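# Summary of the model geometry
Residue-level listing of the chains:
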Amino acid sequence: MAQKPKVDPHVGRLGYLQALVNEFQETESQDAKEQVLANLANFAYDPGNYEYLRQLQVLDLFLDSLSEENETLVKFAVGGLCNLSPDKANKEHILQAGGIPLITNCLSSPNEETVLSAVTTLMYLSSPGTGSHPELTSLPLVQCMLRFSLSANIRLRNLAQIFLEDFCSPSQVAEARSQQAHSALGIPLPKTEAPQQP
Amino acid sequence: MESSLSGDDCPANLSTLGPFCSLIGHRVAHPADVVLAPRTAADKMAFSDGKPGCIFDHHVQTAVCDSRAKYRESRRPRAVKVYTINLESQYLLIQGVPAVGAMKELVERFALYGAIEQYNALDEYPAEDFTEVYLIKFVKLQSARIAKKKMDEQSFFGGLLHVCYAPEFETVEETREKLEERKAYIARATKSKDYYLTKKKLVPEQKGTKDSRQDFHSHIPGFSTAALNTSENSSPCLPYSCELPLCYFTSQTTCLPGDHVDRASNSCSGGRNHGELSKHCNLSAFSPELHVSTYKNALPCSSMQEAVTTSESVGRFMPRTTQLQERKRRRDCDRELGTFSETNTSSNEVVIGPKLPGLPPVDLQDDSLNTTANLIRGKLKEVISSVPKTPEDKLEDMYTHPRKQRRRI
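Computed from a prediction, not measured in an experiment: that's the story for all the values here.

A tally of regular secondary structure across chain B gives 12 helices and six strands. Here chain B holds 409 residues, and the buried ones make up 50% of them. Considering only intrachain contacts with a sequence separation of at least 6, the fraction spanning at least 24 residues in chain B is 78%. When the accessible surface of chain B is summed, it comes to about 20,300 Å², and 54% of that surface belongs to carbon and sulfur atoms.

This part takes up the side chain of B:Lys137. Residue and element names in this part refer to chain B. Mapped onto the secondary structure, Lys137 falls in strand S3 (residues 131-138). Lys137 gets classed as buried once you look at its relative accessible area, which sits at 6%. Polar side-chain contacts of Lys137 include one of 2.7 Å to the side chain of Glu174.

Any aromatic ring pair is given by two values, namely how distant the centres are and how the planes are angled relative to each other. Within the structure shown, the criterion is met by five aromatic pairs over all chains. Ring geometry for A:Phe163 versus A:Phe167: centroids 6.0 Å apart, planes at 40°, classification tilted. In this pair, A:Phe163 and A:Phe167 are both assigned in helix H10 (residues 154-167), four residues apart and thus about one turn of the helix distant. Across this residue pair, the class does not change: A:Phe163 and A:Phe167 are buried. Aromatic side chains B:Tyr83 and B:Tyr165 sit 6.1 Å apart centroid to centroid with 75° between the ring planes, which places their arrangement in the edge-to-face category. Linking B:Tyr83 in the loop between helix H1 (13-16) and strand S1 (91-98) with B:Tyr165 in strand S6 (residues 162-165), this pair joins segments that are 82 residues apart in sequence. In this structure B:Tyr165 comes out as buried when scored by relative accessible area, which is 4%.

Before going further, it helps to examine the sheet that holds S1(B). All names here are of chain B. With respect to topology, four strands assemble into an open sheet ordered S2-S3-S1-S6, the strand pairing being antiparallel. Taken across any chain shown, the strands that pair with only one partner, and hence form the sheet edges, are strand S2 (116-121) and S6. Sheet twist, expressed as the mean angle between neighbouring strand axes with direction ignored, is 20°. For S1 and S3, the ladder comprises six bridges, and the chain directions are antiparallel. From the neighbouring strand, Leu93 faces S3, where its bridge partner is Leu135. Strands S1, S2, S3 and S6 of the sheet are contacted by helix H2 (residues 103-111), whose axis makes an angle of about 150° with S2. Each of S1, S3 and S6 is contacted by helix H3 (residues 141-151), which is oriented at about 155° to S6, the strand it contacts most.

All names here are of chain B. Taken residue by residue, chain B gives an average pLDDT of 64. The fraction at 70 or more is 45%. Counted against residues more than four places away or in other chains, residues 1-50, with its pLDDT under 50, gives 86 contacts. Predicted confidence for residues 204-314 stays below pLDDT 50, and this span has 239 contacts to residues more than four positions away or in other chains. Reported for the predicted complex are a pTM of 0.56 and an ipTM of 0.85.

So, on to helix H1 (residues 12-26) of chain A. Look at H1(A): 21 Å from first C-alpha to last across 15 residues, which is about the 21 Å you get at 1.5 Å a residue. Among the residues of H1(A), A:Gly12, A:Arg13, A:Gly15, A:Tyr16, A:Leu17, A:Ala19, A:Leu20, A:Val21, A:Glu23 and A:Phe24 are the ones counted as buried.

All names here are of chain B. With respect to burial, S1 is a largely interior element, eight of its eight residues being buried. Sheet analysis places S1 next to S6, joined by four bridges and oriented antiparallel. Considered in S6, the bridge of Gln95 is made with His162.

Grouped together as the largest cluster of nonpolar side chains are 71 residues, with contacts concentrated most on A:Leu40, A:Phe62 and A:Leu107. Formed by 27 residues, the second largest nonpolar core is a distinct cluster that contains B:Val97, B:Ile146, B:Ala147 and B:Leu161.

Below, the discussion takes up the pattern of salt bridges. Evaluation of the coordinates by the stated rule reveals 14 salt bridges over all chains. Notably, a salt bridge pairs A:Asp87 with A:Arg54, separated by 3.1 Å at the nearest N-O pair. Pair noted here: A:Asp87 is in the loop between helix H5 (71-84) and helix H6 (88-96) and A:Arg54 is in helix H3 (residues 50-55), with a separation of 33 residues, a long-range link. Ionic pairing is found between B:Asp152 and B:Lys148, a salt bridge with its closest N-O pair at 3.7 Å. By the burial criterion, B:Asp152 is buried, and B:Lys148 matches it. Salt bridges sharing common partners tie together A:Glu165, A:Asp166, B:Glu173 and B:Arg176.

The next point concerns the confidence of the model for chain A. On average, residues of chain A score 86 in pLDDT, and 83% of them reach the 70 mark or higher. In this model residues 1-5 of chain A is a low-confidence stretch, pLDDT under 50, and it forms 10 contacts with partners more than four residues away in sequence or in other chains.

Moving on, we come to helix H11 (residues 367-384) of chain B. With 18 residues, H11(B) ought to run about 26 Å at 1.5 Å a step, and its terminal C-alpha atoms sit 25 Å apart, in line with that. With 13 of 18 residues buried, H11(B) is to be regarded as a mostly interior element.

With that settled, the discussion passes to the packing of helix H4 (residues 58-65) of chain A against H5(A). Residue and element names in this part refer to chain A. Orientation of H4 relative to H5, taken along the N-to-C sense of each, is 140°, at an axis distance of 8 Å. Accordingly, the angle class assigned to the pair H4 and H5 is oblique. Where H4 crosses over H5, the handedness of that crossing is left-handed. For the pair H4 and H5, contact is made by Leu59, Phe62, Leu63 and Ser65 and by Val74, Ala77, Gly80, Leu81 and Leu84, respectively.

What counts as what
- Residues numbered from 1 in each chain as written.
- Chains lettered and ligands numbered in written order.
- Predicted model: local features only at pLDDT ≥ 70, side-chain atom pairs only at ≥ 80, totals over all residues.
- Heavy atoms only, no water.
- Helix = DSSP H or I, 4+ residues; strand = E, 2+ residues; numbered from the N terminus.
- Buried < 20%, exposed > 50% of the residue type's maximum accessible area, 1.4 Å probe, protein only.
- Contact = heavy atoms within 4.5 Å.
- Areas by Shrake-Rupley, 256 points an atom, 1.4 Å probe, with all protein chains shown as cover.
- Polar contact = N/O pair within 3.5 Å; in protein donor to acceptor, adjacent residues only side chain to side chain.
- Phe/Tyr/Trp six-rings, centres within 6.5 Å; stacked < 30°, edge-to-face > 60°.
- Pairing = 2+ DSSP bridges.
- Axes fitted to C-alpha atoms, helices over the stretch in contact; angles between N-to-C directions.
- pLDDT = per-residue confidence, 0-100.
- Expected span 1.5 Å × (residues − 1).
- Core = buried A, V, L, I, M, F, W, Y, C linked by side-chain atoms within 4.5 Å.
- Salt bridge = Lys/Arg side-chain N within 4 Å of Asp/Glu carboxyl O.
- Parallel < 35°, antiparallel > 145°, perpendicular 65-115°, else oblique.
- Left-handed = near helix turned anticlockwise from the far one by under 90°.

Okay, here's the thing in structure tokens:
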């Protein structure tokens, strides 16, 4: 069971977020961590909270959580990043903090939502057309997206297609395609089966 | 009305079914087939390889979390889930609809939250006995968000609806638009926030604006979005939630000229009563930049009630005085619409609006939104100016809004 921190209910939004961050850092319970991270990730949906989240370094918290072994935590963390990455200030912070490799790692997750959030976050971190961060159009990444664009998973397929069309140049795509045969196919597609029967 | 919730009480329909099979050519026998009204074919939707219409993980209702620390418990029992723009969609999947031939009522109920572009039953989707599954495509994502929030776990014809997003039905273009809109929304929200912060020493009204906006939010606690797992001391949340009263307000007006109307009315198709649905058409693109600067708290509440009265299937008690107020308001609305093209000269007071150069321009960058905002301003002016009335107005009011002495019990 999660601990109950002594929080004055009247401290407002910042106080509440602070309490969440504290609990996340102090608790031993995986359940509590998941709940708190999900809570923070949902807060990250609302631009009104971005000042607070930056102040409390929640962006770094999300980035750190990408390396967690618990896949649920990774899913929530990358979801949080997906939610707040369209904002310019957040985007710069993530780029400066070296977020791209961390997020790119999530592309190999077996969890569907994690991969989808990672692809979307990468798109939000890019600028359309040329001029985007070079890491965001690296050959392995483009090849990965090419594979995703052939996936049976419609959502993934759509997102990958948008990535290739809007954020890669035709030459990059062509190059990736031509080298497809030689690329390291170490990035598995996420599982998408229906829930198993008991 | 919210039923008491517990993740364990909700039937785990999907897990009790047989293994999922390909949908192509497979039709689940339904006892309710004979009573259903003719419906549009499911293959109108974006079927590319049969995948949409399958069960996905995100369709399954996650169990409610019951181990939350007290300080972060939510008002309603909620599962531990993160909503991203990927998951949200203008397509909603509705499960648990009792198979009693109530498709029309279901669509009407959902149409309260925004214009519906398309809907159909998903016959092949695995469903519990005597229930059906529907897919509803809203014109606007925001409508879908609100509808999901409001209709999930709601009772309908004796059954509990389970509403979830169905982004797998989106086309590439729809997904692209969705992502871009989200980006644009955040850009606007951040920009307007900066605007308010820097301009707060200007016109006092503007400051009051921000406060009233915050008050407005706190008056409608239920409007914290499903994505926000907020606590009791939640402060103002998404500007998205400002848009709802506007939606209800415009739902009563007839379609105004504007390209949005054409799109909306063209897309309200499906072989059903067009007139009925156009009543609920959202006329304008929702813009969170809609500074609810001229909103008073009273208006949104009455707008919400108005939306309730538009649906006959929702039987809620409404006090007679409120009904009279609603009727008067609707009449005024229609009257204003009739004189819409002319300037609003119904009162002798200063016209608040784009004509007044002194005030900061509240251009919503959209014709129909501006139109609606003007209507609202006009209405508010009327409300404000209702105190110094002419005898003629007073008389009219007596008939429609009798100020009787209340009987003391």
